[in-house]
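Breakdown of the fold
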Amino acid sequence: MGNSEQICVVGLGYIGLPTALVLAEAGNQVVGVDINQELVDTLRRGKTTFQEEGLTELFAAALANGIRFETICPVAPLYILAVPTPFDQITKKIDPSFVVKAVESVLDVCKQGAILVIESTISPGTVEKYIRPAIISRGYQPGLDVHLVHAPERIIPGDMIRELRYNARIIGADDRQIGETVKAIYAGFCENEIVVTDIKTAEMTKVVENTFRDVNIAFANELAKICRQDELDVYEIIRIANMHPRVNILQPGPGVGGHCISVDPWFLVGDYPELSLLIHEARKVNDSMPDYVLRRVRWIMDEHGLTDISRIGFYGITYKEDVDDTRESPTLQIYEAMRERLGVMGIVKYYDPLCAPGMLEGQMDDFDAFVEQCDLVVIMVGHAHIRQNIDKIRGKVILDTRNICPFPECYQI
Ligand code: SAJ
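Criteria and thresholds
- Residues numbered from 1 in each chain as written.
- Predicted model: local features only at pLDDT ≥ 70, side-chain atom pairs only at ≥ 80, totals over all residues.
- Heavy atoms only, no water.
- Buried < 20%, exposed > 50% of the residue type's maximum accessible area, 1.4 Å probe, protein only.
- Helix = DSSP H or I, 4+ residues; strand = E, 2+ residues; numbered from the N terminus.
- Pairing = 2+ DSSP bridges.
- Right-handed = clockwise from strand over helix to strand, strands pointing away.
- Core = buried A, V, L, I, M, F, W, Y, C linked by side-chain atoms within 4.5 Å.
- Contact = heavy atoms within 4.5 Å.
- Polar contact = N/O pair within 3.5 Å; in protein donor to acceptor, adjacent residues only side chain to side chain.
- Axes fitted to C-alpha atoms, helices over the stretch in contact; angles between N-to-C directions.
- Parallel < 35°, antiparallel > 145°, perpendicular 65-115°, else oblique.
- Nonpolar A, V, L, I, M, F, W, Y, C, P; charged D, E, K, R; others polar.
- Phe/Tyr/Trp six-rings, centres within 6.5 Å; stacked < 30°, edge-to-face > 60°.
- Near = heavy atom within 4 Å.
- Areas by Shrake-Rupley, 256 points an atom, 1.4 Å probe, with all protein chains shown as cover.

1. Points about the pairing of strand β8 (residues 194-197)
Working note: regular strand, side chains alternate between the two faces of the sheet. Residues I194 and V196 line the buried face of β8, whereas the alternating positions V195 and T197 sit on a face that is not buried. In the sheet, strand β7 (residues 169-173) pairs with β8 via four bridges, with the strands oriented parallel. Its bridge partner lying in β8, I171 is registered against V196. Read from β7 through helix α7 (residues 176-186) to β8, the crossover connection turns out right-handed.

In structure tokens, the structure reads:
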């Protein structure tokens, strides 16, 4: 394959869309496919479906290079699959149904020798346990009729486009030669090292990366709780500890959200329950943080004699700063917890400049009005917006779960 191959990218969400766009920008003929007609229509109208630094410019470059958007897979020599891989809430194991369905939709149209690259994060063994059998049950032989590759995405929301170009990549393939073919295509936009390995190693490596980050954040969160007991400044302690050349502790926060770090470690817990004790504990620590924030809120209210719940405001609904993604966000967990336990839905206030209005009951769409109607502001997300407007909340009682507030009187987690 050369540098102007026809590539079909299946699934046009947070990963599939930017990947399709960089491939088109690099000079490939790209067709983006998604079963969601509305999403495809939006893209056809020249509009992107989420915000990301550099996405608009990249979209324009891809359109200029002829990228197309469809709801049905065309025939192509190479398919890249980037569909959701959720986990079962009870068993903690991967729900492979989306990725299996996407593979089947490709099998319906592809010709002999097509390459199927799975970019979605999958638990180690998913190709072996679910994808290969699905292919065989349709009468195809992997390695002959279709070639399987796993090239897990590694880009961070908020800096996706830059990371697409500069992060190293892993290509796991059954057949080394096929791995090299895919590597050559990815090298058209990726300026870092591209490692070719086998599929299960690629599956495990990706899950390990996110699990490492989850465990590190859990450590920081546990330190925050320990330091709170003795009224020590956890941020200062981490800052100084990190001056040691072999220490690199992440930051405590109100919880771990997003569709990656809060999901992927469960794959290991689900598949290796007796061997993943630390990983499981870390998940529990991180999942306990929204509750911990609520306990801090209660304590601060008592300290200040605040009794009116309707004058508490949570700033930030997204799972982290400067993205518009709310999946698994700590604020949503707080929202649910308050709704279940206290029945006060709609009374507490929420504000997020990056979220569409009307997502939550109690959500306000005017920042000044939000500030005016709150006595206690809980900073859940450190958006650039709040950093720039921090003076507007001066004088309020503040719980800053992100360590961004410069006022000495504000509370931390
Ligand atoms: N968080 C903290 N403290 C920190 C860092 C993050 O509490 O020091 C929280 C964030 O606020 C957020 C959550 O953790 O709620 C996850 O955010 P993140 O920025 O750490 O990561 P994601 O989920 O946006 O993206 C991760 C990245 N993985 C790693 O850095 C190992 C990204 O490279 C992956 O591509 C992505 O998961 C994915 O799709 O798997």
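This is not the end of the story, as more comes after the structure.
2. Remarks on the nonpolar core
As a rule of thumb, soluble globular proteins bury nonpolar side chains together. One finds V117 and Y186 to be the most contacted residues of the largest nonpolar core, which totals 43 residues. Counting residues per element, this core draws most heavily on helix α1 (residues 16-25), which supplies six residues. With residues near it in sequence (within four places) discarded, V117 still touches L78, Y79, I80, L81, V149, A151, V182 and Y186. In this structure, A102, V146, L148 and I279 belong to the second largest nonpolar core, which totals 36 residues.

3. A short note on the side chain of S262
Checked against the element boundaries, S262 lands in the loop between α9 (234-241) and α10 (264-271). For S262, a relative accessible area of 6% puts it in the buried group. A polar atom in the side chain of S262 sits 2.7 Å from the backbone oxygen of G258. In this structure S262 touches F87, V256, G257, R283 and E328, once residues within four positions along its chain are discounted.

4. Observations regarding the packing of helix α8 (residues 199-229) against α10
One can describe the packing of α8 onto α10 by two numbers: an axis separation of 7 Å at closest approach and a directional angle of 110 degrees. In terms of orientation, α8 lies roughly perpendicular with respect to α10. Between α8 and α10, the residues in contact are M204, K206, V207, N210, T211 and D214 and D264, P265, F267 and L268, respectively. Looking at side-chain class alone, the contact of α8 with α10 contains five nonpolar, two polar and three charged residues.

5. Notes on the sheet that holds strand β9 (residues 312-315)
Spatial strand order, β11-β10-β9-β12-β13-β14: six strands in an open sheet with parallel pairing. Edge positions in the sheet fall to β11 (363-364) and β14 (411-412), since each has one partner strand and no second. When β9 meets strand β12 (residues 376-379), the two strands line up parallel, connected through four bridges. Bridge pairing in β12 places G313 opposite V377.

6. Some words on the side chain of N210
Note that N210 resides in helix α8. The class for N210 is buried, based on a relative accessible area of 11%.

7. As for the pairing of β7
Of all five residues in β7, five are buried, a share of seventy percent or more. By the alternation rule, side chains of β7 split into R169, I171 and A173 and I170 and G172, which are all buried. For strand β6 (residues 146-150) and β7, the ladder comprises two bridges, and the chain directions are antiparallel. Note on β7: the bridge partner recorded for V149 is A173.

8. Examining the packing of aromatic side chains
A complete count under the given rule lists twelve aromatic pairs for this structure. When the ring of F314 is compared with that of Y350, the centres are 5.6 Å apart and the planes differ by 20 degrees; the resulting orientation is stacked. Of the two residues, F314 sits in strand β9 while Y350 sits in strand β10 (residues 349-351), which places them 36 residues apart along the sequence. In this structure Y350 comes out as buried when scored by relative accessible area, which is 2%. Relative to F367, the ring of Y315 has its centre 6.0 Å away and its plane inclined at 80 degrees; by these criteria the two rings are edge-to-face. Of this pair, Y315 sits in strand β9 while F367 sits in helix α14 (residues 367-372); the two residues are 52 residues apart in sequence, bridging distant segments of the chain. Assigned by exposure class, Y315 and F367 land together as buried. Among the aromatic residues, those joined into a cluster by ring pairs are Y315, Y351, F367 and F370.

9. Focus on the sheet that holds β8
Within the open sheet, the eight strands sit side by side as β3-β2-β1-β4-β5-β6-β7-β8. Their pairing is mixed. Across the chains shown, the open sheet's two edge strands, defined by having one partner strand only, are β3 (68-70) and β8. In this sheet, adjacent strand axes meet at a mean angle of 25 degrees when their direction is disregarded. In this structure, strand β5 (residues 114-118) lies alongside β6, joined through five bridges in parallel fashion. The residue of β6 that forms the bridge with I115 is H147. Across the sheet, helix α4 (residues 97-107) lies against β1 (6-10), β4 (78-81), β5 and β6, angled at about 160 degrees from β4, the strand it touches most. Running over the sheet, helix α5 (residues 126-137) touches β5 and β6 and is turned about 160 degrees from β6.

10. Digging into the site of the ligand
The full set close to the ligand counts 20 residues, and E153, K206, N210, R213 and Y319 are the nearest of them. Within the backbone of I155, an N or O atom sits 2.8 Å from an oxygen atom of the ligand. R402 is positioned with one of its side-chain polar atoms (N or O) 2.7 Å from an oxygen atom of the ligand. Considered on its own, the ligand offers 770 Å² of accessible surface; in the complex 89% of this is hidden by protein. A class-by-class count of the residues in the shell around the ligand yields nine nonpolar, four polar and seven charged.

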